[in-house]
Amino acid sequence: MTNQYTYSAGKRKTAVACVKLYDEGKGEITINSKKAKDYFTPLQIENAIAPLALLDRKSDFDIVVRVQGGGKESQSDAMRHGISRALLLIDPDVRTLLKREGFLRRDARVKERKKPGLKSARRAPQFSKR
C-alpha cells in the first residue's frame, strides 16, 4: 500500500467511521483489520461503497476503515458518509452528484433521553385511581 491517502470521518447516530482512501488501489476494503465480507453483509457493503459505485470508481481506491459505535447498519451508513466526504476532498466537482443522492447528509437520529418522573423518554406511568 502506498502512503498517499485521503482521510475523512463519517457519522450516523452514534456510529463513527474513520475512512482512509488510498490512491492507486485495487478496490480492497478493510474494516477494523478484517476483510469487508467478513465484517458486513453483502447488502451493507453495497450500501457503504454506493458513492464509489455512483462515480464508477469502485476499483480506483483501497479503503481502510476504523468504525465504532452503533450497530452494523449505522456503521455501514457512517462508512458511506466518510467515503463521500473523502471523495469530495479528492474531487470537489462531484459534490452535486453526491449531494443529490443524499450521501453528504449526516443522519443524526439518536435515542431520546429519559425524563424524570417518566418510565422512558415520553411514556408516563399508568394512572391509578386508588
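Report on the accompanying structure. (Residues numbered from 1 in each chain as written. Predicted model: local features only at pLDDT ≥ 70, side-chain atom pairs only at ≥ 80, totals over all residues. Heavy atoms only, no water.)

1. Quick word on the sheet that holds strand S1 (residues 5-12)
Right, so step 1: The strand order S1-S2-S5-S3-S4 describes an open sheet built from 5 strands, whose pairing is mixed. Of all strands in the sheet, those bounded by a partner on one side alone are S1 and strand S4 (34-35).
Right, so step 2: Where strand S2 (residues 15-22) lies against strand S5 (residues 62-68), 7 bridges are found, and the strand directions are antiparallel. Its bridge partner being in S5, Ala17 is matched across the sheet by Val67. (Pairing = 2+ DSSP bridges. Helix = DSSP H or I, 4+ residues; strand = E, 2+ residues; numbered from the N terminus.)

2. Concerning the side chain of Ser8
Right, so step 1: By the secondary structure assignment, Ser8 is in strand S1.
Right, so step 2: When sequence neighbours within four positions are dropped, the list of residues in contact with Ser8 reads Ala17, Cys18, Val19, Gly82, Arg85 and Ala86. (Contact = heavy atoms within 4.5 Å.)

3. A closer look at the nonpolar core
Right, so step 1: Ranked by internal contacts, the top residues of the largest apolar core, which has 28 residues, are Ile31, Ile63, Val65, Met79, Ile83 and Leu87.
Right, so step 2: Where this core is concerned, the elements lending two or more residues are S2, strand S3 (29-31), helix H1 (36-39), helix H2 (42-48), helix H3 (50-54), S5 and helix H4 (72-90).
Right, so step 3: The element that contributes the greatest number of residues to this core is H4, accounting for 6 residues.
Right, so step 4: In this structure Met79 touches Ala17, Val19, Ile29, Ile31, Phe40, Ala48 and Val65, once residues within four positions along its chain are discounted. (Core = buried A, V, L, I, M, F, W, Y, C linked by side-chain atoms within 4.5 Å. Buried < 20%, exposed > 50% of the residue type's maximum accessible area, 1.4 Å probe, protein only.)

4. Some points on the pattern of salt bridges
Right, so step 1: Applying the stated criterion across every chain yields a total of 7 salt bridges.
Right, so step 2: Between Arg122 and Glu112 there is a salt bridge whose closest N-O contact spans 3.0 Å. Placement of Arg122 in the segment after helix H5 (95-101) and of Glu112 in the segment after H5 is noted, with a sequence separation of 10 residues between them.
Right, so step 3: Owing to a relative accessible area of 67%, Arg122 belongs among the exposed residues under this scheme.
Right, so step 4: The class of Glu112 is partly exposed, set by a relative accessible area of 37%.
Right, so step 5: One network of salt bridges, in which partners are shared, links Arg12, Asp77, Asp107 and Arg109. (Salt bridge = Lys/Arg side-chain N within 4 Å of Asp/Glu carboxyl O.)

5. Notes on the environment of Ser8
Right, so step 1: The class for Ser8 is buried, based on a relative accessible area of 7%.
Right, so step 2: Between the C-alpha atom of Ser8 and that of Ile83, which follows or precedes it by 75 residues, the distance is 7.2 Å.

6. Observations concerning the packing of aromatic side chains
Aromatic ring pairs are reported here in terms of the distance separating the ring centres and the angle at which the planes meet.
Right, so step 1: According to the stated counting rule, one finds 2 aromatic pairs in the structure shown.
Right, so step 2: Measuring from ring centre to ring centre gives 5.2 Å for Tyr5 and Tyr22, while their planes differ by 50°; the resulting arrangement is tilted. Taken together, the residues Tyr5 in strand S1 and Tyr22 in strand S2 connect sequence positions 17 residues apart.
Right, so step 3: Under the relative-accessibility criterion, Tyr5 is labelled partly exposed at 37%.
Right, so step 4: With a relative accessible area of 11%, Tyr22 lands in the buried category.
Right, so step 5: One residue, Lys72, lies across the ring of Tyr39, its end atom 3.5 Å from the ring centre. (Phe/Tyr/Trp six-rings, centres within 6.5 Å; stacked < 30°, edge-to-face > 60°. Lys NZ or Arg CZ within 6 Å of the ring centre and 35° of its normal.)

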